[in-house]
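Below, each chain spelled out in residue letters.
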Amino acid sequence: MALLRWLIVFVLITLACSAVHAQTSADTGEVAVDTPVVKPRPRFTGPLPFLDSVARASALREQFVSDSLAKRYISAPDPNRPNAFVDSILKANAYKNDLFLNLSTKASMKQGYGRNRPSRDIWVIGVIMVLLLFAAGLNIASTKDVSNVFQSFYHRKAAGPAGKEESPINAWTFIGLFILFGLTSGMFLYLLTTGYYKVYYTISGVQLFLTLSIVIIALFAVKFLVLKFLGFVFDISKLVDDYIATLSLTYFNITFVFLPVAVCFSLIADAFIPLLLIITLALVIIIFVWQYLRSSVSIITNFRFHKFYLFVYLCALEICPILILIKALNIGFR
């Protein structure tokens, strides 16, 4: 019995020592000798098989797209990140002076809609320069004749039948001034209709200018022919020749009014055009009234006829064609 008792005590002491040794090994992290150690699998750094590389590339692409979409639509940029572009603009354009301190506190900024600045055709300046050179050439070639045209407005003796040998101007000068009158009047009407009244026609530009000039030259040429025919029919050719001379000199004087007006019309601002038109209209009326009064006095003195005929003539061949031209060009009064 004593031997069995000592055997039981030895077994209990052995078990107790084993338990204390196991607890001490667990606390210190020691691994038991008989515990197998699992080594980590080494990372494969060699080339992947074809299917594995395709799968890896697809996974990386999906990750890149998802990150980009998250950055674009979900993740907001850092507000504290400096913006180099904005900083460069502020550095280049920021106001660095103190002149704003001198501004009045009552100053206010007015904002509104912008307006397009109207621009005129470039070819108009070229045509006007050609007309000026043409007038200068006529003055150089026929200085005396052009001088007689100006003097005819002041001195009655300078006026006479145009295109004749006793005329104050010869035939070639008459033709040149008549062409200048037609071209200058056409340019004036072109600038008036398209530049001021903003009337649009089926033709425009140089074609419209040439059409207006040709129509004016044709109308006044027909008017002179009709007057010649009336003088032949009623046997008053001498009186009609004097009247045609007065008309032609009147038109030539108006030419030298329209020429500078066309220059001003093509250069000045639209705000000054009404004043220019008023001055032009006043000058034209003065020239017409002066020439007609002088010619009417001469006609009434040398030829006796009923005044009603003079009124009919003025309405039929003077006033009516001008009204028809205004109506055809669709020019209104503002």
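Please read these numbers as outputs of a predicted model, since none were measured by experiment.

### With respect to the overall build of the protein
Logical step 1: Scanning the protein for helices and strands turns up 10 helices and 0 strands.
Logical step 2: Reading the protein from its N end, one meets helices and strands in the order α-α-α-α-α-α-α-α-α-α.
Logical step 3: Relative to its full complement of 334 residues, the protein shows a buried share of 28%.
Logical step 4: In the protein, 77% of the contacts between residues at least 6 apart in sequence involve partners at least 24 apart.
Logical step 5: Accessible surface for the protein amounts to roughly 25,000 Å². Of this, 69% is attributable to carbon and sulfur atoms.

### Re the pattern of salt bridges
Logical step 1: The final tally for this structure, using the stated rule, is 1 salt bridge.
Logical step 2: Salt-bridge contacts for K228 lead to D241; the nearest nitrogen and oxygen are separated by 2.6 Å. One end of the pair, K228, is in helix α7 (residues 206-233); the other, D241, is in helix α8 (residues 237-267), and 13 residues separate them in sequence.

### Regarding the nonpolar core
Where a protein is soluble and globular, its nonpolar side chains tend to be buried together.
Logical step 1: Membership of the largest hydrophobic core comes to 50 residues, with the highest contact counts inside it found for M187, F188, Y190, F224, L227, L247 and F265.
Logical step 2: Broken down by secondary-structure element, the contributors of at least two residues to this core are α4 (122-141), α6 (171-196), α7, α8, α9 (273-302) and α10 (307-329).
Logical step 3: Sort the elements by how many residues they give to this core and α8 lands first, with 14 residues.
Logical step 4: Setting aside anything within four residues of it in sequence, one finds M187 in contact with W123, V124, V127, I128, L131, F209 and A262.

### Quick look at the packing of α7 against α8
Logical step 1: One way to put it is that α7 packs onto α8 with a least axis distance of 8 Å and a crossing angle of 160°. By the criterion of interaxial angle, the relationship of α7 to α8 is roughly antiparallel. Handedness of the α7/α8 crossing: right-handed. Here α7 contributes F220, K223, F224, L227, K228, G231 and F232 to the contact with α8, which in turn contributes S237, V240, D241, Y243, I244, L247, S248 and Y251.
Logical step 2: A breakdown of the residues in the contact of α7 with α8 according to their chemical character gives 9 nonpolar, 3 polar and 3 charged.

### Digging into the packing of aromatic side chains
Logical step 1: All chains considered together, the criterion is met by 15 aromatic pairs.
Logical step 2: Aromatic pair F174 and F178: ring centres 6.1 Å apart, planes at 10°, arrangement stacked. Here F174 and its partner F178 are both found in helix α6, 4 residues apart, which amounts to about one turn of the helix.
Logical step 3: A residue is classified by how much of its surface remains accessible, and F178, at 12% relative accessible area, is buried.
Logical step 4: Here the aromatic residues F174, F178, F181, F220, F224, Y251, F252 and F288 are joined through ring pairs into a cluster of three or more.

### Considerations on α4
Logical step 1: With 20 residues, α4 should reach 28 Å at 1.5 Å per residue; the first-to-last C-alpha distance of 29 Å fits that figure.
Logical step 2: Buried within α4 are the following residues: V124, V127, I128, L131, A135 and L138. Projected down its long axis, α4 carries its buried residues within an arc of 100°, all on one side. Summarising the geometry of α4, the exposed residues directed more than 90 degrees from the buried face are I122, V130, L133, I140 and A141.
Logical step 3: On its buried face, α4 sits against α5 (143-151), α6, α7 and α8.

### Describing α7
Logical step 1: Between the first and last C-alpha of α7 there are 40 Å, a value that for 28 residues agrees with the 40 Å anticipated at 1.5 Å per step.
Logical step 2: Considered for burial, the residues of α7 that qualify are L208, F209, L212, S213, I216, K223, F224, L227 and G231.
Logical step 3: Looking one or two residues past α7, D235 carries a phi angle of roughly 60°, positive in sign.

### Structural notes on the confidence of the model for the protein
Logical step 1: When pLDDT is averaged across the protein, the result is 75; 65% of the residues are at 70 or more.
Logical step 2: Mean pLDDT across the elements of the protein ranges from a minimum in helix α1 (residues 2-28), with 63, to a maximum in α4, with 93.
Logical step 3: In the predicted structure, residues 160-165 sits below a pLDDT of 50 and forms 17 contacts with residues beyond four places in sequence or in another chain.

### Quick word on unusual backbone geometry
Logical step 1: Its identity is not glycine, yet K198 carries a phi of approximately 55°, on the positive side.
Logical step 2: As for its position among the elements, K198 is in the loop between α6 and α7.

### Focus: the environment of G182
Logical step 1: For G182, the position within the fold is in helix α6.
Logical step 2: Judged by relative accessible area, which is 0%, G182 ranks as buried.
Logical step 3: Excluding residues within four positions of it along the chain, G182 makes contact with S213, I216 and I217.

### Brief notes about the side chain of T255
Logical step 1: Along the chain, T255 falls in helix α8.
Logical step 2: Sequence-distant contacts of T255, defined by excluding residues within four places in its chain, comprise L180, F181 and T184.

### As for a nonpolar patch on the surface
Logical step 1: Nonpolar side chains collect at one region of the surface, where V222, V226, F229, L230, F232, V233 and F234 lie side by side and expose about 690 Å² of accessible area between them.
Logical step 2: Looking at where F232 falls in the secondary structure, it is placed in helix α7.
Logical step 3: For F232, a relative accessible area of 64% gives the class exposed.

Conventions we followed
- Residues numbered from 1 in each chain as written.
- Predicted model: local features only at pLDDT ≥ 70, side-chain atom pairs only at ≥ 80, totals over all residues.
- Heavy atoms only, no water.
- Helix = DSSP H or I, 4+ residues; strand = E, 2+ residues; numbered from the N terminus.
- Buried < 20%, exposed > 50% of the residue type's maximum accessible area, 1.4 Å probe, protein only.
- Contact = heavy atoms within 4.5 Å.
- Areas by Shrake-Rupley, 256 points an atom, 1.4 Å probe, with all protein chains shown as cover.
- Salt bridge = Lys/Arg side-chain N within 4 Å of Asp/Glu carboxyl O.
- Core = buried A, V, L, I, M, F, W, Y, C linked by side-chain atoms within 4.5 Å.
- Axes fitted to C-alpha atoms, helices over the stretch in contact; angles between N-to-C directions.
- Parallel < 35°, antiparallel > 145°, perpendicular 65-115°, else oblique.
- Left-handed = near helix turned anticlockwise from the far one by under 90°.
- Nonpolar A, V, L, I, M, F, W, Y, C, P; charged D, E, K, R; others polar.
- Phe/Tyr/Trp six-rings, centres within 6.5 Å; stacked < 30°, edge-to-face > 60°.
- Expected span 1.5 Å × (residues − 1).
- Arc of directions from axis to C-beta.
- pLDDT = per-residue confidence, 0-100.
- Patch = residues over 30% accessible without salt bridge, like charges linked within 9 Å, V, L, I, M, F, W, Y side chains within 5 Å.

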